[in-house]
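Next come the chains, spelled out residue by residue.
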Amino acid sequence: MTESKFTPRVFSGIKPSGGLTLGNYLGAIKRFVGMQGAGFETIYCVVDLHAITVWQDPAELKTATREVAAGYLASGIDPEKSILFNQSQVHEHAELGWIFNCVARVGWMNRMTQFKDKAGSNAENVSLGLYAYPSLMAADILLYHATHVPVGEDQKQHVELTRDIAAKFNHDFKVDFFPLTTPVIEGPAMRVMNLRDGTKKMSKSGESDMERINMTDDADTIAKKFKKAKTDPEPLPETLDGLKDRPEARNLVDIYSALNDITPEAVIAEYAGAGWGRFKPALADLAVEKLAPISTEMERLMNDPAEIDRILGRGAERACEIAAPILKETYDIVGLLRR
Ligand code: TYM
């Protein structure tokens, strides 16, 4: 099967569960902005149906959905250039998700490492939605025949599963209907780590707020968090190789590199031999310089929720124009009667 018959189209999404972190910004949003107007149609989603796979307070869910939308907009997603919407307003996602529940195999789901991490020893008690989550994610992507999906490293397995689902659907129904989507995972910040433990991912839900930088943190908080970030006693090395087995140091260099759009090698070239007393304040200044305009704009947008809702509603209409015909054709392929 060739992928060429498909329009180059990007789809990606962010869950509105808790606030946005620097990991979401560097691993996802900043790159989404870069792909806008770069030869792709771009579709970005606030995936609220994914958020409810664990219980969400209804009022907080609405706020978190608007906050993710504000994060996209404040970072440079232009609702004229991209389609920006929240998932639940386009009911086709849930419908295609069901069809994919009938295509995906239980054995495939059992291999999903994120499910194992999230469910932990409580696997009997988590929602069925959490288990089926990757097939809804496949539906998000394939409902638009998306060819490229920019994500952080932690979502790679889910995009690979999306390819498996597309291939099995095409094979089972003897069609060449769904593309084999390419995960786009590139750059220095594909896995931004926890500031207190360089072996763990920075996440929205980590126990302590000191582990992460939130996109809404003010300048003092950002400076304090980087100052207290765990490091080792060594200064920065002469070459990148010298960061092997120094996960916390490597993480801070990668964050600097991604924020400043330079390679990690260039960061090392500039700071070789520097101690943390010099590097950490430079990193904090850089982070504040890049994030402060975004958090200010997010705050402004959050004061006008009606405007955010209007943008999401308009985006949902445009998303539906692409999604509805693809779902209809899927129903025809599967043999479901429709009006
Ligand atoms: P979510 O909401 O956990 O994360 C949103 C995006 O941010 C990236 N990310 C990170 N990147 C680097 N370092 C980190 N520490 C870090 N933390 C998060 C994630 O890789 C992701 O790209 N299942 C997805 C949402 C989703 C989706 C989709 C994505 C639903 N449908 C379809 C792409 C296409 C999720 O929970 O992402």
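Analysis parameters
Residues numbered from 1 in each chain as written. Predicted model: local features only at pLDDT ≥ 70, side-chain atom pairs only at ≥ 80, totals over all residues. Heavy atoms only, no water. Core = buried A, V, L, I, M, F, W, Y, C linked by side-chain atoms within 4.5 Å. Buried < 20%, exposed > 50% of the residue type's maximum accessible area, 1.4 Å probe, protein only. Helix = DSSP H or I, 4+ residues; strand = E, 2+ residues; numbered from the N terminus. Domains from an automatic or database assignment. Contact = heavy atoms within 4.5 Å. Buried area = accessible area lost by both parts, 1.4 Å probe. Salt bridge = Lys/Arg side-chain N within 4 Å of Asp/Glu carboxyl O. Patch = residues over 30% accessible without salt bridge, like charges linked within 9 Å, V, L, I, M, F, W, Y side chains within 5 Å. Areas by Shrake-Rupley, 256 points an atom, 1.4 Å probe, with all protein chains shown as cover. Lys, Arg positive; Asp, Glu negative; His and termini not counted. Charge placed at Lys NZ, Arg CZ, Asp CG, Glu CD. Pairing = 2+ DSSP bridges. Right-handed = clockwise from strand over helix to strand, strands pointing away. Near = heavy atom within 4 Å. Polar contact = N/O pair within 3.5 Å; in protein donor to acceptor, adjacent residues only side chain to side chain. Nonpolar A, V, L, I, M, F, W, Y, C, P; charged D, E, K, R; others polar. Phe/Tyr/Trp six-rings, centres within 6.5 Å; stacked < 30°, edge-to-face > 60°. Expected span 1.5 Å × (residues − 1).

**Quick look at the nonpolar core**
Argument step 1. If you look at the biggest cluster of nonpolar residues, it comprises 58 residues, and the most contacted ones within it are Leu-22, Leu-26, Tyr-72, Phe-226, Ile-255 and Phe-279.
Argument step 2. Broken down by element, the residue count for this core peaks at 11 residues, all from helix α12 (residues 276-302).
Argument step 3. Formed jointly, this core draws a minimum of three residues from each of two domains, domain 1 (9-190 + 304-334) and domain 2 (209-300).
Argument step 4. Of all hydrophobic cores here, the second largest spans 43 residues; its members include Ile-83, Phe-115, Val-149 and Phe-178.

**A look at the domain arrangement of the protein chain**
Argument step 1. The domain boundaries assigned to the protein chain delineate domain 1 (9-190 + 304-334) and domain 2 (209-300).
Argument step 2. If you look at the interface, domain 1 gives 15 residues, while domain 2 gives 18 residues.
Argument step 3. Carbon and sulfur atoms supply 73% of the area buried between domain 1 and domain 2, which totals about 1,300 Å² over both sides.
Argument step 4. For the pair domain 1 and domain 2, the number of links is 1 salt bridge.

**A look at a positive patch on the surface**
Argument step 1. On the surface, a cluster of positive charge is contributed by Arg-196, Lys-224, Lys-227 and Lys-228.
Argument step 2. Arg-196 gets classed as partly exposed once you look at its relative accessible area, which sits at 37%.

**Digging into the pairing of strand β3 (residues 82-86)**
Argument step 1. Of all 5 residues that make up β3, 5 are buried, and the element is covered over most of its length.
Argument step 2. A two-sided burial pattern is seen for β3, the buried positions comprising Ser-82, Leu-84 and Asn-86 on one face and Ile-83 and Phe-85 on the other.
Argument step 3. Of the strand pairs in this sheet, strand β2 (residues 41-46) and β3 are connected by 5 bridges, and their pairing is parallel. Residue pairing across strands places Tyr-44 opposite Leu-84, the latter belonging to β3.

**Describing the pairing of strand β1 (residues 9-14)**
Argument step 1. Among the 6 residues in β1, 5 count as buried, and that is most of the element.
Argument step 2. Note on the crossover from β1 through helix α1 (residues 22-35) to β2: the handedness is right-handed.

**Brief notes about the site of the ligand**
Argument step 1. Residues in close proximity to the ligand total 27 residues, the closest being Lys-15, Tyr-133, Asp-140, Asp-154 and Val-192.
Argument step 2. At a separation of 2.7 Å, a nitrogen atom of the ligand approaches a polar side-chain atom of Asp-140.
Argument step 3. Protein burial of the ligand: of its 710 Å² of free accessible surface, 97% is covered by the chains.
Argument step 4. For the shell around the ligand, a count of residues per class yields 13 nonpolar, 8 polar and 6 charged.

**With respect to the packing of aromatic side chains**
Argument step 1. With the rule as written, the count across this model stands at 15 aromatic pairs.
Argument step 2. Geometrically, the ring pair formed by Phe-169 and Phe-178 is edge-to-face, given 4.9 Å between the ring centres and 70 degrees between the ring planes. In this pair, the class of Phe-169 matches that of Phe-178, namely buried.
Argument step 3. Through successive ring pairs, a cluster of aromatic residues spans Phe-100, Phe-169, Phe-173, Phe-177 and Phe-178.

**Section: the side chain of Ser-82**
Argument step 1. Following the sequence through the fold, Ser-82 ends up in strand β3.
Argument step 2. On the basis of relative accessible area, Ser-82 is assigned to the buried category, the value being 0%.
Argument step 3. There is a polar contact of 2.8 Å between the side chain of Ser-82 and the side chain of Gln-36.
Argument step 4. Those residues in contact with Ser-82, other than ones at most four positions away along the chain, are Gln-36, Thr-42, Tyr-44, Ile-77 and Arg-318.

**A word on helix α8 (residues 156-172)**
Argument step 1. In this model α8 runs 24 Å from its N-terminal to its C-terminal C-alpha over 17 residues, within 8% of the 24 Å that 1.5 Å per residue would give.
Argument step 2. Where α8 is concerned, the buried positions are His-158, Val-159, Leu-161, Thr-162, Ile-165, Ala-166, Phe-169 and Asn-170.
Argument step 3. Count one or two residues on from α8 and you reach Lys-174, which has phi positive near 50 degrees.

**Concerning the pattern of salt bridges**
Argument step 1. For the coordinates displayed, the defined rule picks out 17 salt bridges.
Argument step 2. The residue Lys-230 makes a salt bridge to Glu-248 at a minimum N-O spacing of 3.3 Å. Remark: Glu-248 occurs in helix α10 (residues 247-260) and Lys-230 occurs in the loop between α9 (219-228) and α10; sequence separation between them is 18 residues.
Argument step 3. Note on Lys-230: relative accessible area 41%, which makes it partly exposed.
Argument step 4. Residue Arg-246 pairs with Asp-232 through a salt bridge whose shortest N-O separation is 2.8 Å. Of this pair, Arg-246 sits in the loop between α9 and α10 while Asp-232 sits in the loop between α9 and α10, and the two are 14 residues apart along the sequence.
Argument step 5. Judged by relative accessible area, which is 11%, Arg-246 ranks as buried.
Argument step 6. Through salt bridges with shared partners, a single network forms among Asp-209, Arg-212, Asp-217 and Lys-225.

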